[in-house]
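The residues making up each chain are set out below.
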Amino acid sequence: MPSVSTRRALIVSAGSPHRPGVAGLAHADGDAWAISKVLSALIPPFRLTTCSGPDATTAVVAHRFRTLIKRLKSTDELIVWLAGTAVDAAGRVVLPCWDALPEATTETGINLVEWLAMLGKSKAKS
């Protein structure tokens, strides 16, 4: 029997950090929820994870991403949608989340280079 492809998605709005000195995007949270609503027509709720506003802390987003990567199967298709202002710090592209510290953005944000490497090693077909 041929395998059936399943879709999974992680939608993250890191566009509304609440700390002065950390750049944000005024529309990021609304965009995240709009994208999530559109994808909900294609992806069951238990396979669609949306993090925005105070729920988009570095710890929460990183945990949900790692958990998602571990659950991927070879027949899975993964959609990752991120909104925010990434910071390039010496080849380390970082996405500051809700709880990012302006004096330590690189250390307190999501390292997107690491995420890309993890995605490349995942079992997902696309």
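Just so you know, these numbers come straight off a predicted model, no measurement behind them.

Participant: Help me understand the overall build of the protein chain in this model?
Facilitator: Counting its secondary structure elements, the protein chain contains 4 helices and 6 strands. Going from N to C terminus, the protein chain has its helices and strands arranged as β-α-β-α-β-β-β-α-β-α. With 126 residues in all, the protein chain has 40% of them scored as buried. Residue pairs at least 24 apart in sequence account for 69% of intrachain contacts in the protein chain once pairs closer than 6 positions are excluded. With an accessible surface of roughly 7,100 Å², the protein chain has 59% of that area assigned to carbon and sulfur atoms.

Participant: Is there a simple way to think about the state of the cysteines in this case?
Facilitator: By definition, a disulfide links two cysteine residues through a covalent bond between their sulfur atoms. Counted under the stated rule, the structure contains 0 disulfides. In this structure Cys-51 is a free cysteine whose sulfur lies 8.5 Å from that of Cys-97, the closest cysteine sulfur available. Judged by relative accessible area, Cys-51 falls into the buried class, the value being 0%. Residue Cys-97 is classed as buried on the basis of its relative accessible area of 0%.

Participant: How do you make sense of the sheet that holds strand 1 (residues 6-14) when you look at a structure like this?
Facilitator: Sheet strands pair by backbone hydrogen bonding; their relative direction is either parallel or antiparallel. Taken together, the 3 strands give an open sheet; going across it, the order is 2-1-3, and neighbouring strands pair in parallel fashion. Strands at the two margins of the open sheet, each flanked by one partner only, are strand 2 (48-51) and strand 3 (76-84). With strand direction ignored, the average angle separating the axes of adjacent strands in the sheet is 5 degrees. Here strand 1 pairs with strand 2 via 4 bridges, running parallel.

Participant: Can you walk me through the side chain of Asp-76 in this structure?
Facilitator: Positionally, Asp-76 belongs in strand 3. Side-chain polar atoms of Asp-76 contact the backbone nitrogen of Lys-73, separated by 2.8 Å. With sequence-adjacent residues up to four places away left out, Asp-76 is seen in contact with Thr-6, Arg-8, Arg-71, Ala-124, Lys-125 and Ser-126.

Procedures and definitions
- Residues numbered from 1 in each chain as written.
- Predicted model: local features only at pLDDT ≥ 70, side-chain atom pairs only at ≥ 80, totals over all residues.
- Heavy atoms only, no water.
- Helix = DSSP H or I, 4+ residues; strand = E, 2+ residues; numbered from the N terminus.
- Buried < 20%, exposed > 50% of the residue type's maximum accessible area, 1.4 Å probe, protein only.
- Contact = heavy atoms within 4.5 Å.
- Areas by Shrake-Rupley, 256 points an atom, 1.4 Å probe, with all protein chains shown as cover.
- Disulfide = S-S within 2.5 Å.
- Pairing = 2+ DSSP bridges.
- Axes fitted to C-alpha atoms, helices over the stretch in contact; angles between N-to-C directions.
- Polar contact = N/O pair within 3.5 Å; in protein donor to acceptor, adjacent residues only side chain to side chain.

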